Amino acid sequence: MRTYRLVIACPDRVGIVAKVSNFLALYNGWINEASHHSDEQSGWFFMRHEIRAESLPFGIEAFREAFAPIAEEFSMTWRITDSAQKKRVVLMASRESHCLADLLHRWHTDELDCEIPCVISNHNDLRSMVEWHGIPFFHVPVDPRDKAPAFAEVSRLVQEHAADVVVLARYMQILPPQLCQDYAEKVINIHHSFLPSFVGAKPYHQAALRGVKLIGATCHYVTEELDAGPIIEQDVVRVSHADSIDDMVRFGRDVEKMVLARGLRYHLEDRVLVHGNKTVVFD
């Protein structure tokens, strides 16, 4: 079913829900899903509505025009998107395949409702897997002595393919500040839960030596500060002394791909609202 997704954030006050609901009722808007959250700490209100597109007498541009006075009255930061307009997702990866393979499979089976115009990698290892899916693969090697030319090419490819969101599916390079700024809240990354305790190479080996009981992953938006952007999704699995290092690596890969897929889906369905360095996620 084609829907419009109305997403709103504004200073909290009486009458917001009533005003929006009355507006939709006035135009016979059929609400499939409604989510609200009032944040007492910040004093902000967050809302997401899914409305049947066919129930409204006008298209999305006319909706924007009609709704604008209400948005101004309540000082809203807002957007409305059309579920029929698939978001374009550029994937980036290095050598590890688990996250990329999982996202490609979910896209191939229509579990992820998006377009994947290309995959960018700093290595050639995953080319055959990507091209099997009929997706263009771009190898952009990164010279550690001068990374600027590589990231200029990455930026060009992302723009050329009109990306709505970029997903770092275990892309093992740090994006430059300018790219983070240009695509603020549009670059999604995944990292294991051991940071900052076990930094550097072989974190699962380090964790095993410390006898950790939980391993997990965090999906977040990329900012200039490494692995510190607004968190979209997290999960953990339990481990014990009986699990080997190989077991822990396997568990870690499983939770990474699950968390990344869920985080991306929430983004694609306009379920994530960013406020400062925090998110509201209507799952």
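Described below are features of the structure shown in this document.

The rules behind these values
- Residues numbered from 1 in each chain as written.
- Predicted model: local features only at pLDDT ≥ 70, side-chain atom pairs only at ≥ 80, totals over all residues.
- Heavy atoms only, no water.
- 1 Å grid on protein atoms, 1.4 Å probe; cavity = no way out; pocket = protein on both sides within 12 Å on 5 of 7 lines; lining within 4 Å.
- Points joined across faces, edges and corners; volume = space filled by probe spheres on them.
- Nonpolar A, V, L, I, M, F, W, Y, C, P; charged D, E, K, R; others polar.
- Axes fitted to C-alpha atoms, helices over the stretch in contact; angles between N-to-C directions.
- Helix = DSSP H or I, 4+ residues; strand = E, 2+ residues; numbered from the N terminus.
- Parallel < 35°, antiparallel > 145°, perpendicular 65-115°, else oblique.
- Left-handed = near helix turned anticlockwise from the far one by under 90°.
- Contact = heavy atoms within 4.5 Å.
- Salt bridge = Lys/Arg side-chain N within 4 Å of Asp/Glu carboxyl O.
- Buried < 20%, exposed > 50% of the residue type's maximum accessible area, 1.4 Å probe, protein only.

Another point: empty space enclosed by the protein. Scanning the model with the defined rule gives 1 cavity of 30 Å³ or more in all. Lining the largest cavity are Met92, Val154, Val158, Val166, Leu175, Leu179, Tyr183 and Val187. Its residues placed into classes, the lining of the largest cavity shows 8 nonpolar, no polar and no charged.

Where helix H3 (residues 98-108) contacts helix H8 (residues 245-268), the two axes come as close as 9 Å, and the packing angle between them is 45°. What the angle tells us is that H3 and H8 run oblique. The chirality of how H3 crosses H8 is right-handed. Taking contact as the criterion, the partners of His98, Cys99, Asp102, Leu103 and Arg106 in H3 are, on H8, Arg253, Glu256, Lys257, Met258, Leu260, Ala261 and Leu264. Of the residues that constitute the contact of H3 with H8, the class distribution is 6 nonpolar, 1 polar and 5 charged.

Residue position: His161 is located in the loop between helix H5 (148-160) and strand E9 (165-168). For His161, the residues in contact, after removing those within four places along its chain, are Arg88, Val90, Pro117, Cys118 and Phe138.

This part is about the pattern of salt bridges. Per the stated rule, a full pass over the model turns up 27 salt bridges. For Glu33, the salt bridge identified is with Arg271, shortest N-O distance 2.7 Å. Note that Glu33 is positioned in strand E2 (residues 31-39) and Arg271 in the loop between H8 and strand E13 (272-275), a separation of 238 residues in sequence. The class for Glu33 is partly exposed, based on a relative accessible area of 24%. A salt bridge links Glu50 to Arg48, with the nearest nitrogen and oxygen atoms 2.6 Å apart. For the pair Glu50 and Arg48, one class covers both residues: buried. Because the salt bridges share partners, they merge into one network encompassing Glu33, Arg48, Glu50, Glu269 and Arg271.

So, about the environment of Arg88. In this fold, Arg88 is placed in strand E5 (residues 87-93). Once the C-alpha coordinates of Arg88 and Ala163 are considered, the two residues, 75 residues apart in sequence, prove to be 5.1 Å apart. Each residue touching Arg88, except ones within four places of it in the same chain, is listed here: Glu115, Pro117, His161, Ala162, Ala163, Asp164 and Val165.

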